[in-house]
Amino acid sequence: MNIIPSGLITTCSELIGTRQIKLIHKKDNREVYEDGNYIIKKTAPDAFNFERYERFQKDNPCFVKVHSFDDGVIVMDKVEGMMFNDYAKTPTTTVDNLWYICFTHRTALYKRYFDFHGKRDIHCCEPIFFHADGVPGNVIIDNNNKPTYIDPDGTIQIRWEMFLQKITEHHFVWQNDYTYYAHRFPATEMEKWGKSLSELGYK
Amino acid sequence: MSQLGIKLNWFLDIDGRPIKLIRKTHKEEVYEDGNYIVKKTLPNEFRSRNAFDFETYKRFQLEYPWCVKVYSYEDDVIVMDKIEGHTWDEFHQYATKDQLWNVCVKFRNETVKNFLDFAGSDYIDPNQHIFFNGDAKHANLIMQGDKPMFIDPDSFRFETWDRFILKINEHNTEWFNHYLLRAHRN
């Protein structure tokens, strides 16, 4: 039986009720639990700015809804769907679906970061709010091809130039994933040439 | 005859309107008559890249009319529509940040998707050549209101997949830089 961190039940009892919760991920000082409806993440007490996150999430429901953040415990919605990498490999996922997630939706989200800042002229030292880990590993896609960014404590405010470098880095991660899954996927290559992976030169 | 030897009967076909030279470099001469632009390019043997692929361009333009319509390409001479509107340098001075975003990021992304769609298949072999605008820069864009239009049709060309990827990254970065500069750091 998993050990539940002290205080978790008291903090989240209203949401969780009497349902069984189970540990689904543990790394360093972070633990993630789920109870069927909610995800409970135990992390550092200063892991993220909940108030700012709530304001952004209200207009951007593609960020997972967080219900509470107390003493390092985040209670958020459990998002149903597939992790991006599984979704990308699914035969029913089209090139257009992938383009939407990797480019259309993602760049629209970047636009919201700029808009959320509120001012047109941005000083080079000003901090910008964004998801600093907004990469495919933190995105779940539902049955309607709608992406949700999880890992709310990945959001931070960071100085302008670091923000630009990070979103540029993320752009290349998403572009590489799009290119790979949409146009260079080995399974499609095998099908096209009727050859095995080793015959195609893959190890 | 013009200096590069353009036959003047090109222009007699354009209702006999007076034509004027609007640009001249060591590689090209560009004329206009009010309705059309006539561009005399270097003969094939003097070009660093392949000749303008008019047939492919025509098919692409028909499907994606954000690039200028070309009427003919003969003897290294391209006859195309004259596009009225604002240059990028004019546009960015009055554009809102949303308008800038729409051109620099949204429209830019759409053009890249169009190149990939035009390639025709989901799976792309690394040896496959992709048809795209190899000079999709602000200097080759005219804004017709909010509608961007690329001129310079002979910068469309086939390149191998790796060259295509590198070029679109170069252009994406350039357009994103334009957005940042004009929208937030002007």
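Starting afresh in each chain, residues are numbered from 1 along the sequence in its written order. Starting at A for chains and at 1 for ligands, labels are handed out in the order in which the entities are written. For this predicted model, a pLDDT threshold of at least 70 governs which residues receive local features, and a threshold of 80 or more governs which side-chain atom pairs are given and counted, while totals over whole chains, interfaces and linings are taken from all residues.

### Observations concerning the overall build of chain A
Inference 1: Working definition: helices are DSSP H or I runs of at least four residues, strands are E runs of at least two. Numbering for both runs from the N terminus. Tallying secondary structure elements over chain A gives six helices and ten strands in all.
Inference 2: With respect to the principal axes defined by its C-alpha atoms, chain A has extents near 60 × 55 × 30 Å.
Inference 3: Exposure is read from a count of other C-beta atoms within 10 Å of each residue's own; the residue is exposed at 12 or fewer, buried at 20 or more and partly exposed in between. C-beta atoms are placed from the backbone. The buried share of chain A, taken over its 203 residues, is 26%.
Inference 4: In chain A, the share of contacts with a sequence separation of at least 24, taken over all contacts with a separation of at least 6, comes to 61%. The contact criterion used is a C-beta to C-beta distance within 7 Å, with each C-beta placed from the backbone.

### Things to note about the environment of E28(B)
All names here are of chain B.
Inference 1: Considering the arrangement of structural elements, one finds E28 in strand β2 (residues 28–32).
Inference 2: Look at E28 and you get partly exposed, because 16 C-beta atoms sit within 10 Å.
Inference 3: Between the alpha carbons of E28 and T41 there is a distance of 4.7 Å; along the sequence they are 13 residues apart.
Inference 4: E28 has contacts with K39, K40 and T41, leaving out every residue within four places of it along the chain.

### Examining the domain arrangement of chain A
All names here are of chain A.
Inference 1: Domains assigned within chain A are domain 1 (8–48 + 64–77) and domain 2 (82–193).
Inference 2: The start and end points of each domain follow an automatic or database-based domain assignment. Averaged C-alpha coordinates put domain 1 and domain 2 at centres separated by 25 Å.
Inference 3: Polarity classes work like this: nonpolar for Ala, Val, Leu, Ile, Met, Phe, Trp, Tyr, Cys and Pro, charged for Asp, Glu, Lys and Arg, and polar for all others, with Gly in that last group. Within the side of domain 1 that touches domain 2, the residues separate by chemical class into six nonpolar, one polar and no charged.

### Notes on the pairing of strand β4 (residues 66–70) of chain A
Inference 1: Summarising the sheet, β4(A) and strand β5 (residues 73–77) of chain A pair through four bridges and their orientation is antiparallel. Of the residues in β5(A), the one forming a bridge with V66(A) is M76(A). Note: two strands are recorded as paired if DSSP finds a minimum of 2 bridges between them.

### Considering the interface of chain B and chain A
Size of an interface: often given as the accessible area lost when the parts come together.
Inference 1: Each side of the interface is counted separately: chain B has twelve residues, and chain A has 15 residues.
Inference 2: Elements with a minimum of two residues in the side of chain B that touches chain A: α4 (97–119) and α5 (161–184) of chain B.
Inference 3: When residues of the side of chain B that touches chain A are assigned to their parent elements, the largest contribution, six residues, is made by α4(B).
Inference 4: Here the residues of the side of chain B that touches chain A sort into five nonpolar, two polar and five charged.

### Side note on α4(B)
Inference 1: With 23 residues, α4(B) should cover 33 Å at 1.5 Å per step; its first-to-last C-alpha distance of 32 Å lies within 8% of that length.
Inference 2: Note that the bend at a residue is defined as the angle between axes fitted to the seven residues ending at it and the seven residues starting at it. At V103(B), α4(B) shows its maximal kink, close to 30 degrees.
Inference 3: Buried within α4(B) we find L100(B), W101(B), V103(B), C104(B), V105(B), R108(B), V112(B) and L116(B).
Inference 4: Elements that come into contact with the buried residues of α4(B) comprise α4 (95–117) of chain A together with α3 (88–94), β9 (147–150) and α5 of chain B.
Inference 5: Where α4(B) ends, the next residue or the one after it, G120(B), has phi of about 100 degrees, a positive value. By definition here, a helix of n residues has an expected span of 1.5 Å times n minus one.

### Let's talk about the sheet that holds β4(A)
Each strand in a sheet pairs with another by means of backbone hydrogen bonds, the pair being arranged parallel or else antiparallel.
Residues and elements named next belong to chain A.
Inference 1: Read from one edge of the open sheet, five strands run β1-β2-β3-β5-β4, paired in antiparallel fashion. Lying at the two open borders of the sheet, with one neighbouring strand each, are β1 (22–27) and β4. Strand-to-strand, the axes of this sheet are offset by a mean angle of 15 degrees, without reference to chain direction.
Inference 2: Relative to β5, strand β3 (residues 38–42) runs antiparallel, the two being bridged by five bridges. Its bridge partner being in β5, Y38 is matched across the sheet by D77. Throughout, an axis means a line fitted to C-alpha atoms (over the contacting stretch in the case of helices), and angles, computed between N-to-C directions, take values from 0 to 180 degrees.

### Remarks on the confidence of the model for chain A
Interpretation of this model should avoid reading the predicted coordinates in detail wherever pLDDT is low.
Inference 1: In predicted models, pLDDT denotes the confidence assigned by the predictor to each residue on a 0 to 100 scale. Taken over all residues, the pLDDT of chain A has a mean of 90, while the share at 70 or more is 91%.
Inference 2: Below pLDDT 50 for its whole length, residues 1–7 of chain A participates in seven contacts with residues either more than four positions away or in separate chains.

### Structural notes on the confidence of the model for chain B
Inference 1: Scored by pLDDT, chain B comes out at a mean of 90, with 90% of its residues at no less than 70.
Inference 2: In the model output, the complex is listed with pTM 0.87 alongside ipTM 0.84.

### Looking at the packing of α4(A) against α4(B)
Inference 1: Running from amino to carboxyl end, α4(A) crosses α4(B) at an angle of 175 degrees, the nearest separation of the two axes being 11 Å. Here α4(B) runs roughly antiparallel to α4(A), going by the angle between their axes. Together, W99(A), F103(A), T104(A), T107(A) and K111(A) of α4(A) and W101(B), V105(B), K106(B), N109(B) and K113(B) of α4(B) make up the contact between the two elements.
Inference 2: Of the residues contributing to the contact of α4(A) with α4(B), the split by class is four nonpolar, three polar and three charged. Oblique is the label for any angle not under 35 degrees, not over 145, and not in the 65 to 115 range, which are roughly parallel, roughly antiparallel and roughly perpendicular in turn.

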